[in-house]
Amino acid sequence: MASEIIRPQVSRRRLLQLMGGVAVAGTLAGCGGGNSAGGSGGGPLKVIGAGSQEAGLRKALDEYKKLNSSFDFNLSFSPADQLQTALRAQLAAGNAPDMHAVYPGNGSAMSMVQLSKANLLTDLSDQAWTQKIPTGFKGAYQQDGKTFIFSPGTSVLGAIYNKKAFAKAGVEVPTTWSELLTVCETLKKKGIVPLALGAQTPWVTQLINYALVPGTVYSKQPDFDDKMAAGSATFAGSGWADAMNKYLELQKRGFFNDNPNGTTYEQATSMVGTGKAAMAVQVSAVLQAYRDAAPSPDDLGMFPLPATDTVADNWIPGGIVVGLAVSAKSKKADEARKFIEFCGQPDMINTWAEAVACVPLYSEGAAKVDPVLKPFLPYLSGNKAVPFMDQRWPNAEVQPTHFAVVQELLGGKTTVDGALKKMDEAYRKTA
């Protein structure tokens, strides 16, 4: 994957606040040797990851095995819904894999906060790399002062686009909402699907809202999350309504593929890679999957999705990418901890971050940053970035409610007011 050395003049204070847990995943796959039940004392280390981790996690495991000939592993990848349900149940039952994907911060059943509160994760606080977690990132990695998750760095969310499709239609990257609509209309007239949407895959449903809300909500109310927590703000009474109405406008104007609720993440990825569709709103962590679907990786670029007609009001979402944790009940926890300590070394963090197109957690010297992230760096340096929305949600109910109401909106089964009312109800639930 193409990369180069970039020394962005990023505001460290703001960049280090970018903590998020957008749930992303992929298809089942496996590598390594042998079969072992989670928690068994013999056999290979059993690892289950999310699809967005694949490029970095495979590379890290392979590199570690080169240095430790006796090390062996069994690696598979699970869709997000299975991570949230089946894997969570395995953790509670004590038969989970030795290492597994976990989402930063709070906001989902497989988030670091939820799992650590349930005593299902191994404490990693004594590892050297944890002392280098910047202060602003600690909420994504730590609960009650203890570190429970490793993640290589920060992902951004925007529009992945096919450069050849844009060139065929004679359009350029938009910088305002009106320009985006004009670009989509021109693409549609050229017979190109403007935006591929695989909403059959639940976690994909949230991404367009996540891309729009920084501009419709946070650029006007930077303290919106604090007001929500204090009970003085609601989803329904905020710019969330504007974002959802714009989401529906894209559908009503025919800018999505047919039947988004019947289209998967994988199908949408293929559409953009092959140029059948021009764009998809996605996190940078899955860029490699889009590159794999394209004739050439250079066919694809990425840009911040504009949410308003005032350029200064367009902000971006960014957050810590899905991480890795050790099951508290694993009998191979020591071996798993050694691997994570290896991942926390500067060179390995750079390697993993480069593989999944994210900004490294920390770097000794210049960090390797994929060129695709260049358009996003001015937003980071300009303090115009906010964490992925679920990072600050108080429970694991809001995110799946968000998934469901977006599918209902796209299916014509609810209204924006009805959808946001359900999200407000989920937000106020207590354990």
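Residues numbered from 1 in each chain as written. Predicted model: local features only at pLDDT ≥ 70, side-chain atom pairs only at ≥ 80, totals over all residues. Heavy atoms only, no water.

**Student:** Sorry if this is basic, but what is going on with the layout of surface pockets here?
**Tutor:** In this structure, the largest pocket encloses a volume near 350 Å³. For the largest pocket, the lining is made up of 25 residues, of which Tyr161, Met302, Phe303, Val372 and Pro375 are closest to its centre. For the lining of the largest pocket, the leading source of residues is strand 11 (residues 300–303), giving four residues. Residue composition of the lining of the largest pocket, grouped by class: 18 nonpolar, three polar and four charged. (1 Å grid on protein atoms, 1.4 Å probe; cavity = no way out; pocket = protein on both sides within 12 Å on 5 of 7 lines; lining within 4 Å. Points joined across faces, edges and corners; volume = space filled by probe spheres on them. Helix = DSSP H or I, 4+ residues; strand = E, 2+ residues; numbered from the N terminus. Nonpolar A, V, L, I, M, F, W, Y, C, P; charged D, E, K, R; others polar.)

**Student:** How should the packing of helix 2 (residues 54–67) against helix 13 (residues 333–343) be read in this particular structure?
**Tutor:** Pairs of packed helices are described in terms of their axes, by the angle between the two and the distance that separates them. At a minimum axis distance of 10 Å, the contact between helix 2 and helix 13 shows a crossing angle of 110°. By the angle class used here, helix 2 and helix 13 are roughly perpendicular. Only Lys338, Phe339, Phe342 and Cys343 of helix 13 make contact with helix 2, whose side of the interface consists of Leu57, Ala60, Leu61, Glu63, Tyr64 and Leu67. When the residues that make up the contact of helix 2 with helix 13 are grouped by side-chain class, the tally is eight nonpolar, no polar and two charged. (Axes fitted to C-alpha atoms, helices over the stretch in contact; angles between N-to-C directions. Parallel < 35°, antiparallel > 145°, perpendicular 65-115°, else oblique. Contact = heavy atoms within 4.5 Å.)

**Student:** Honestly, the pairing of strand 3 (residues 45–49) in this entry has me stumped. Any pointers?
**Tutor:** Side-chain direction in a regular strand flips from residue to residue, so the side chains alternate between the two faces of the sheet. Of all five residues in strand 3, four are buried; the element is thus mostly enclosed. Two elements, strand 3 and strand 4 (residues 73–77), share five bridges in a ladder whose sense is parallel. Among the inter-strand pairings, isoleucine 48 is bridged to a residue of strand 4, identified as serine 76. Handedness of the strand 3-helix 2-strand 4 crossover: right-handed. As paired elements, strand 3 and strand 5 (residues 99–102) share two bridges and run parallel to each other. By the bridge assignment for strand 5, valine 47 is matched with methionine 99. (Buried < 20%, exposed > 50% of the residue type's maximum accessible area, 1.4 Å probe, protein only. Pairing = 2+ DSSP bridges. Right-handed = clockwise from strand over helix to strand, strands pointing away.)

**Student:** Mind showing me how you'd approach empty space enclosed by the protein here?
**Tutor:** Rolled over the atoms, a probe sized like a water molecule indicates the empty space that remains. Within the structure shown, the criterion is met by three cavities of 30 Å³ or more. The calculated volume of the second largest cavity comes to roughly 50 Å³. Forming the walls of the second largest cavity are Leu195, Ala196, Leu197, Val204, Leu207, Ile208 and Val281.

**Student:** Help me understand the packing of aromatic side chains, please; the structure alone is not making it clear to me.
**Tutor:** Two aromatic rings are characterised by how far apart their centres lie and by the angle between their planes. Following the criterion strictly, the structure yields 19 aromatic pairs and no others. Here the aromatic rings of tyrosine 64 and phenylalanine 342 are separated by 5.2 Å at their centres, their planes lie at 55°, and the arrangement is tilted. Of this pair, tyrosine 64 sits in helix 2 while phenylalanine 342 sits in helix 13, placing them 278 residues apart in sequence. Residue classification places tyrosine 64 among the buried residues on the basis of a relative accessible area of 8%. (Phe/Tyr/Trp six-rings, centres within 6.5 Å; stacked < 30°, edge-to-face > 60°.)

**Student:** So what exactly am I meant to see when it comes to the nonpolar core here?
**Tutor:** One recurring pattern in soluble globular proteins is that nonpolar side chains are buried together. One finds Trp240, Met279 and Phe339 to be the most contacted residues of the largest nonpolar core, which totals 148 residues. The element best represented in this core is helix 8 (residues 207–218), accounting for eight residues. Not counting residues up to four positions away in its chain, the partners in contact with tryptophan 240 are Asn209, Tyr210, Val213, Val217, Phe224, Phe235, Met389, Trp393, His402, Leu420 and Met423. (Core = buried A, V, L, I, M, F, W, Y, C linked by side-chain atoms within 4.5 Å.)

**Student:** I tried to follow the packing of helix 10 (residues 240–252) against helix 16 (residues 398–410) on my own but got confused; where do I start?
**Tutor:** At a minimum axis separation of 10 Å, helix 10 and helix 16 run at an interaxial angle of 40°. Taken together, helix 10 and helix 16 sit at an angle that is classed as oblique. Pair helix 10 / helix 16 crosses with right-handed handedness. Taking contact as the criterion, the partners of Trp240, Met244, Tyr247, Leu248 and Gln251 in helix 10 are, on helix 16, His402, Val405, Val406, Leu409 and Leu410. Split by residue class, the contact of helix 10 with helix 16 holds eight nonpolar, two polar and no charged. (Left-handed = near helix turned anticlockwise from the far one by under 90°.)

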